[in-house]
Structure formats: structure tokens, C-alpha cells
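Coordinate inspection notes
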Amino acid sequence: MFLKVFCTVERIGEENIPVEGSYIFCSNHVSNFDAIMIATTKKREFYFLAKEELVKIPVIGPIIKKLNIIPIKRGTGDIGALRKSIEALKNGKALVMFPEGTRSKDGQLKEAK
């Protein structure tokens, strides 16, 4: 609702998002709204790899926990998050990840982690 009221949103290539079956959706990360923009596509439900710190934020954390978030411990080989991601894919889900591991402050593509 917020996006419809306060933002002009243009989605280019949304027709390329499969409506079923598992796949990994990779995106660069330049805004706090990137995940929201992806999640609000009408095509299907997504699962998101997201830094575990997000679920610890007061007020926002409990809301995020109810979404399809797979918390990941950054800077480690988080095998638990990897297993949950594989399970989601085995169950035909779409998994969203931001390979850079953080937002780009200057809009330039960063090295994947």
C-alpha cells in the first residue's frame, strides 16, 4: 500500500519471473527497499536470505520473522542457512539473495561474497 501511494514503481522484466518451480533470484542491493520491491511482485512468493541482525531489531524483527526470511550469519560459513535455502529450493520455492552481502552505498556493483 505504501509503495502504491508514495512511490512510482516501474518493474522491467517482471514477465521473466517464473510463476512456479524453484529458482534463485539474485539482485544487486542499493536500497533498503530492494527486498520489498521484489517481495511485492504479484508473480509468486519468495524466500529471502537476510542478515540475522534484522530479526533482532525491536518492533521490526518480529514482523520480519513472520515473513519468508532465512536468517544468515554474515562472515561465516552458515551451514544452517545453506540447508534451509536448499530445502526451500527442493520444495519448489524461489530464493532471493543479494550476492554482495550488503547494500552498495554508491550504486556500483560490489564483489560477491
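This report concerns the structure included in the present document.

Rules used in this analysis
Residues numbered from 1 in each chain as written. Predicted model: local features only at pLDDT ≥ 70, side-chain atom pairs only at ≥ 80, totals over all residues. Heavy atoms only, no water. Salt bridge = Lys/Arg side-chain N within 4 Å of Asp/Glu carboxyl O. Pairing = 2+ DSSP bridges. Helix = DSSP H or I, 4+ residues; strand = E, 2+ residues; numbered from the N terminus. Axes fitted to C-alpha atoms, helices over the stretch in contact; angles between N-to-C directions. Buried < 20%, exposed > 50% of the residue type's maximum accessible area, 1.4 Å probe, protein only. Contact = heavy atoms within 4.5 Å.

Summed over the entire model, instances satisfying the criterion amount to one salt bridge. Between lysine 110 and aspartate 106 there is a salt bridge; the shortest N-O distance is 3.3 Å.

Let us now look at the sheet that holds strand E2 (residues 46-51). In space, the four strands of this open sheet follow the order E1-E4-E2-E3, with parallel pairing throughout. The sheet is open, and its two borders are formed by strand E1 (23-26) and strand E3 (69-72), each paired with just one other strand. Adjacent strand axes in the sheet meet at a mean angle of 25° when their direction is disregarded. The sheet contact formed by E1 and strand E4 (residues 94-97) spans four bridges and is parallel.

Let's shift gears to the side chain of serine 85. Note that serine 85 resides in helix H4 (residues 79-90). Residue classification places serine 85 among the buried positions, given a relative accessible area of 5%. In contact with serine 85, other than residues within four places in its own chain, are Leu49, Ile70 and Leu95.

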